[in-house]
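Okay, here's what each chain looks like letter by letter:
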Amino acid sequence: MLEEYLPHPEATAILEGDIQRDLPPNVREVLLDVILAWANLDMATAFFVASLFGLSPDEGADKFGRKEIADKLRRASKALRESGNTNAAIKVGEIAEAYPDKALMRRRIAHSRCAGVRKSAPDRVIFLPFEREGPPGHLAVEIIHISKFADAVAWADEAHTYFMQHADSAGFFNER
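In this report, we go over the structure that sits alongside the text.

Quick look at the pattern of salt bridges
1) Next: Tallied over the entire structure, the rule returns 10 salt bridges.
2) Next: With a closest N to O distance of 3.3 Å, Arg 75 and Asp 71 form a salt bridge. Of this pair, Arg 75 and Asp 71 are both found in helix H4 (residues 69-83), 4 residues apart, which corresponds to roughly one turn of the helix.
3) Next: Salt-bridge contacts for Glu 131 lead to Arg 108; the nearest nitrogen and oxygen are separated by 3.3 Å. With Glu 131 in the loop between strand E2 (124-128) and strand E3 (142-145) and Arg 108 in helix H5 (residues 86-111), this residue pair connects regions lying 23 residues apart in the sequence.
4) Next: Taking the relative accessible area as the measure of exposure, Glu 131 reaches 36% and is therefore partly exposed.
5) Next: For Arg 108, a relative accessible area of 9% puts it in the buried group.
6) Next: It is possible to trace a salt-bridge network through shared partners that takes in Glu 10, Asp 18, Arg 118 and Arg 124.

Quick look at the packing of aromatic side chains
1) Next: Applying the stated criterion to the full structure yields 11 aromatic pairs.
2) Next: Plain terms: the ring middles of Tyr 99 and Trp 155 are 6.5 Å apart, the flat faces sit at 45° to each other, and that makes the pair tilted. Placement of the pair is Tyr 99 in helix H5 and Trp 155 in helix H6 (residues 146-169), with a sequence separation of 56 residues.
3) Next: Since its relative accessible area comes to 14%, Trp 155 is described here as buried.

Overview of the sheet that holds E3
1) Next: If you walk across this open sheet you meet the 3 strands as E1-E2-E3, and the pairing is antiparallel. Sheet topology places strand E1 (113-117) and E3 at the edges, where each strand pairs with a single neighbour. Between one strand and the next, the sheet's axes are offset by a mean angle of 30°, whatever the strand orientation.
2) Next: Examined bridge by bridge, E1 and E2 share 4 bridges and lie antiparallel to one another. Counterpart to Gly 116 in the pairing with E2 is Ile 126.
3) Next: Where H6 meets the sheet, it contacts E2 and E3, and its direction lies at approximately 65° from that of E3.

Rules used in this analysis
Residues numbered from 1 in each chain as written. Predicted model: local features only at pLDDT ≥ 70, side-chain atom pairs only at ≥ 80, totals over all residues. Heavy atoms only, no water. Salt bridge = Lys/Arg side-chain N within 4 Å of Asp/Glu carboxyl O. Helix = DSSP H or I, 4+ residues; strand = E, 2+ residues; numbered from the N terminus. Buried < 20%, exposed > 50% of the residue type's maximum accessible area, 1.4 Å probe, protein only. Phe/Tyr/Trp six-rings, centres within 6.5 Å; stacked < 30°, edge-to-face > 60°. Pairing = 2+ DSSP bridges. Axes fitted to C-alpha atoms, helices over the stretch in contact; angles between N-to-C directions. Contact = heavy atoms within 4.5 Å.

Shape is all these values report; function is a separate question.
Right, here's the structure in full:
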């Protein structure tokens, strides 16, 4: 069975030297954009959920400030369904459904080593997650096109805008 395993041609090319370890500025910028967009999304999701529950910013921070985005989305969707706000529940459900795929881009940046880009294709970013791939002795190499990161930023920005519009219209930031 081990002889049936063949590494991906891109991984082979990288092992043979098709790697530029210094990230080009455009790659560094989009990776930073992902992290910043996710921080904004995390905060906006907390504001949104706290506003749904009628909490003040202080109370909302205590209750939702350290919760995972996925947990906040579940709570928001449930609260919206229970209150009869079907349209918003559907929208939040769509965001929750897309979240795991989009969050993978942030997780790759935050939880694996960015080894560089391919010399032959500098729009393909190389990550080394500490995961096994294939038979024993083979660790994973992930090569992700930079457009996936840009898509994750656009998605997070759109969700952020939706959540902030709701929190603003609910008067979440008004003095109480």
